[in-house]
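Structural description and commentary
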Amino acid sequence: MLQYKANSLFYLTVVLIPSLALFFLWKTILSHGGSIGGYNLSDMVTYFIVTQFFVMNTPYSAWIEIGESIKDGSLSLWLIKPVNHYLLYLFRLIGSWIIQWIFGIAGVIVVSIILKDYVVIPKEASTYFLSILFWMGGIVIGFSYGYILNLLSFWFERSTYIIYFSEGIVALLSGMLIPLDLLPAKSLWLFLPFKFCGYVPAQIFLGKMTGLDIAFEFASMAIWIFVLVSLSHLVFKIGSRRFTASGG
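The following paragraphs examine the structure supplied in this document. Just so you know, the residues in each chain are numbered from 1, in the order the chain's sequence is written. Where totals are concerned, whole chains, interfaces and linings use all residues; where local detail is concerned, this predicted model gives features only for residues with pLDDT of at least 70, and gives and counts side-chain atom pairs only at 80 or more. As a rule here, side-chain values come from all non-hydrogen atoms in the structure, and water together with hydrogens is ignored.

All right, on to the overall build of the chain then. Of the regular secondary structure elements, the chain holds 10 helices and zero strands. The C-alpha extent of the chain, read off along each of the three principal axes, is 65 × 50 × 30 Å. Classification of residues uses two cut-offs on accessible area relative to the type maximum, computed with a 1.4 Å probe and protein chains only: under 20% is buried, over 50% is exposed, and between them is partly exposed. By the burial criterion, 44% of the 248 residues in the chain qualify as buried. Residue pairs in contact within the chain that sit at least 24 positions apart in sequence constitute 81% of those at least 6 positions apart. All accessible areas in this document rest on Shrake-Rupley with a 1.4 Å probe, and a residue is counted as covered only by the protein chains that are shown. A total accessible area of about 13000 Å² is found for the chain, and carbon and sulfur atoms account for 71% of it. Charged-residue counts in this description rest on Lys and Arg as positive and Asp and Glu as negative, His and the chain ends being excluded. For the purpose of locating charges, the reference atoms are NZ of Lys, CZ of Arg, CG of Asp and CD of Glu. Taking the average location of the 14 positive side-chain charges in the chain and that of its 11 negative ones, the two points are 4 Å from each other. In this description a helix means any DSSP run of H or I spanning at least four residues, a strand means any run of E spanning at least two, and both kinds are numbered starting from the N terminus. Every residue pair with non-hydrogen atoms within 4.5 Å of one another is taken to be in contact.

It is worth spelling out the side chain of Ser-112 at this point. Here Ser-112 shows up in helix H5 (residues 85-114). Given a relative accessible area of 18%, Ser-112 falls into the buried group. Apart from residues no more than four positions distant in its own chain, Ser-112 is found in contact with Ile-49 and Val-119.

Comment: axis = line fitted to C-alpha atoms, over the contacting stretch for helices; angle = value between 0 and 180 degrees taken between N-to-C directions. Two elements in contact, H5 and helix H6 (residues 125-151), have axes separated by 11 Å at closest approach and are oriented at 125 degrees. The pairing of H5 with H6 is recorded here as oblique in orientation. Relative to H6, H5 is oriented so that their crossing is right-handed. Packed against H5, whose contacting residues are His-85, Tyr-86, Tyr-89, Leu-90, Leu-93 and Trp-101, the element H6 presents Trp-135, Ile-139, Val-140, Phe-143, Ser-144 and Tyr-147 at the interface. Of the residues in the contact of H5 with H6, the class split is 10 nonpolar, two polar and no charged. Each angle is binned into one of four classes, with values under 35 degrees roughly parallel, values over 145 roughly antiparallel, values of 65 to 115 roughly perpendicular, and all other values oblique. Crossing handedness follows the turn of the near helix against the far one: under a right angle anticlockwise gives a left-handed crossing, and clockwise gives a right-handed one. Three categories are distinguished: nonpolar for Ala, Val, Leu, Ile, Met, Phe, Trp, Tyr, Cys and Pro, charged for Asp, Glu, Lys and Arg, and polar for the others, with Gly belonging to the last.

So, on to H5. Multiplying 1.5 Å by the helix residue count minus one yields the expected span of that helix. A rise of 1.5 Å per residue sets the reference length of H5, with its 30 residues, at 44 Å; its end C-alpha atoms lie 43 Å apart and thus fit the reference within 8%. The quantity called bend is, for any residue, the angle between two axes fitted respectively to the seven residues ending at it and the seven beginning at it. Residue Trp-97 marks the point of greatest curvature in H5, where the axis turns by about 40 degrees. Within 3.5 Å is the distance limit for a polar contact, defined as a pair of N or O atoms, with the added protein rule that one can donate a hydrogen and the other accept it, and that residues adjacent in sequence qualify only through two side-chain atoms. In this structure Asn-84 caps H5, since a side-chain oxygen of it lies 3.0 Å from the backbone nitrogen of Tyr-86.

Turning to the pattern of salt bridges, a few remarks are in order. The term salt bridge refers to a side-chain nitrogen of Lys or Arg lying within 4 Å of a carboxyl oxygen of Asp or Glu. Under the criterion given, the structure shown has three salt bridges. Linking Asp-43 and Lys-208 is a salt bridge whose minimum nitrogen-to-oxygen distance equals 3.5 Å. On the criterion of sequence distance, the pair formed by Asp-43 in helix H2 (residues 41-56) and Lys-208 in the loop between helix H9 (199-205) and helix H10 (211-245) is long-range, its members being 165 residues apart. Taking relative accessible area as the criterion, Lys-208 reaches 35% and is therefore assigned partly exposed. Between Glu-217 and Lys-195 there is a salt bridge; the shortest N-O distance is 2.9 Å.

Each Phe, Tyr or Trp ring, with Trp reduced to its six-membered ring, pairs with another whose centre is within 6.5 Å; inter-plane angles below 30 degrees give stacked pairs, above 60 give edge-to-face pairs, and intermediate values give tilted ones. Per the counting criterion, the structure on display carries 17 aromatic pairs. Ring centres 6.4 Å apart and planes at 65 degrees place the aromatic pair Phe-154 and Phe-236 in the edge-to-face group. In this pair, Phe-154 is assigned in the loop between H6 and helix H7 (159-173) and Phe-236 in helix H10, connecting sequence segments 82 residues apart. Judged by its relative accessible area of 5%, Phe-154 is buried. Residue Phe-236 is classed as buried on the basis of its relative accessible area, which comes to 16%.

Function cannot be inferred from these measures alone, as they are strictly geometric.
The structure is reproduced here in structure tokens:
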């Protein structure tokens, strides 16, 4: 029970403190009722609350155990089983993160109540559905990216450092710190798949993306998922052959 309360407090704190800090920052910047790039204070506050939840709950490092099993040779136990290695870890990860997502949602609700005068609340149920749908696609993208990085352990001894280093970069490219359309060279950042882990779901939540734009982004997301999942399986196939040939 004590551990449960400690975890609850931890997740609420992780959501509360950054959101409140960003609120006071943007309230100061937009103190005269102005806007930046089409974002007013309410838009910016809502964007960061929503994006923070999405990005912090996306598994960019996949499952570190994947890389560790390659290093210590325990992967050989999985290679003889009739299971899909990628799907096995994807669903294991989703199952293990459900509680964290629940705490995260609770944190979002608490922050939204505290900042109720500055939060945009969509009225259409379809808005919530589409935001979550795109975020779930972002989870597959984030996991696939982390899965591929873990598979670098087939060739590199210290791939774990690459994973940890890349997490911060990917969080930025997901739009966690600033909306991607406010960055220089925004066309490049909006081309990359990481936008589906935070930026795009937040844009839909704010009502800044509708109709044909959503259809286009959905098609783009589906293509990226296909490419990354296919690449994940290809890298695993090549790496496992090397692993077996070297006596792993």
